[in-house]
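Here is what each chain is made of, one letter per residue.
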Amino acid sequence: MPLPSITKHRAMQCSAKSKRTGLPCNNPAAYGCRTCRMHGARKEESIKRGEQHPNFVHGRRTLEAELEQSATSRRLQQLEDAMHLLNMTTAKRSRGRKASGYCKITSVDEIKKAIG
Ligand SMILES: [Zn+2]
């Protein structure tokens, strides 16, 4: 049951969900934040990212680096699709999970769109 500040006074409710039950947190959100004090209420401007983050080591695992790696992997997988579609190779298809945003290339028009 949410607190009266949420039900009667339109306070923002914490956006966190319980790992165990899947139910939303019933606490009111901290001022200017999306979550309550128990779920790490921090204002957007106080969140440290990139080199300012205390756990930053070398930068190979930053959000930008991982997005770039995912884009490169997706492009390579689509190039492999194109090579198989154009009968340029008889090699086996690579195995494993495809990169996020990957869509299989099935026609020459899609090759032009993806590569060109
Ligand atoms: Zn909460």
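Up top is the structure.
Residues numbered from 1 in each chain as written. Predicted model: local features only at pLDDT ≥ 70, side-chain atom pairs only at ≥ 80, totals over all residues. Heavy atoms only, no water.

J.: Go over the overall build of the protein chain, please, and point to the residues and values.
T.: Scanning the protein chain for helices and strands turns up three helices and zero strands. For the protein chain, the N- to C-terminal ordering of α and β elements is α-α-α. On C-alpha atoms alone, the protein chain measures out to a radius of gyration of 23 Å, which is more than a quarter above the 13 Å that the 2.2 N^0.38 rule sets for 116 residues. Based on the C-alpha atoms only, the size of the protein chain along its principal axes is roughly 65 × 35 × 30 Å. Across the 116 residues in the protein chain, those meeting the buried criterion constitute 16%. The contacts of the protein chain with a sequence gap of at least 6 include a subset with a gap of at least 24, amounting to 24%. Accessible area for the protein chain stands at about 10,000 Å²; split by element, carbon and sulfur atoms hold 53% of it. Taking the average place of the 23 positive charges on the side chains of the protein chain and the average place of its 10 negative ones, the gap between the two points comes to 10 Å. (Helix = DSSP H or I, 4+ residues; strand = E, 2+ residues; numbered from the N terminus. Rg over C-alpha atoms; globule rule 2.2 N^0.38 Å. Buried < 20%, exposed > 50% of the residue type's maximum accessible area, 1.4 Å probe, protein only. Contact = heavy atoms within 4.5 Å. Areas by Shrake-Rupley, 256 points an atom, 1.4 Å probe, with all protein chains shown as cover. Lys, Arg positive; Asp, Glu negative; His and termini not counted. Charge placed at Lys NZ, Arg CZ, Asp CG, Glu CD.)

J.: Hey, could you go over the layout of surface pockets for me, with residue numbers and the actual values?
T.: To find leftover empty space, one rolls a probe the size of a water molecule over the atoms. Its boundaries defined by the atoms lining it, the largest pocket holds a volume of some 260 Å³. What lines the largest pocket is a set of 16 residues, and nearest its centre among them are Arg 49, Gly 50, His 53, Thr 62 and Leu 63. Considered class by class, the residues forming the lining of the largest pocket number four nonpolar, six polar and six charged. (1 Å grid on protein atoms, 1.4 Å probe; cavity = no way out; pocket = protein on both sides within 12 Å on 5 of 7 lines; lining within 4 Å. Points joined across faces, edges and corners; volume = space filled by probe spheres on them. Nonpolar A, V, L, I, M, F, W, Y, C, P; charged D, E, K, R; others polar.)

J.: Tell me what's going on with the pattern of salt bridges, and back it up with residues and numbers.
T.: A complete count under the given rule lists four salt bridges for this structure. Notably, a salt bridge pairs Arg 61 with Glu 66, separated by 3.2 Å at the nearest N-O pair. Judged by relative accessible area, which is 64%, Arg 61 ranks as exposed. (Salt bridge = Lys/Arg side-chain N within 4 Å of Asp/Glu carboxyl O.)

J.: Can you explain the coordination of the zinc ion? Please cite residues and give values.
T.: For the zinc ion, every protein donor is listed as Cys 14 (SG), Cys 25 (SG), Cys 36 (SG) and His 39 (ND1), and the spread of their distances is 2.1 to 2.4 Å. Judged by relative accessible area, which is 10%, Cys 25 ranks as buried. (Donors = N, O, S within 2.8 Å, 3.2 Å for Na, K, Ca; no water.)

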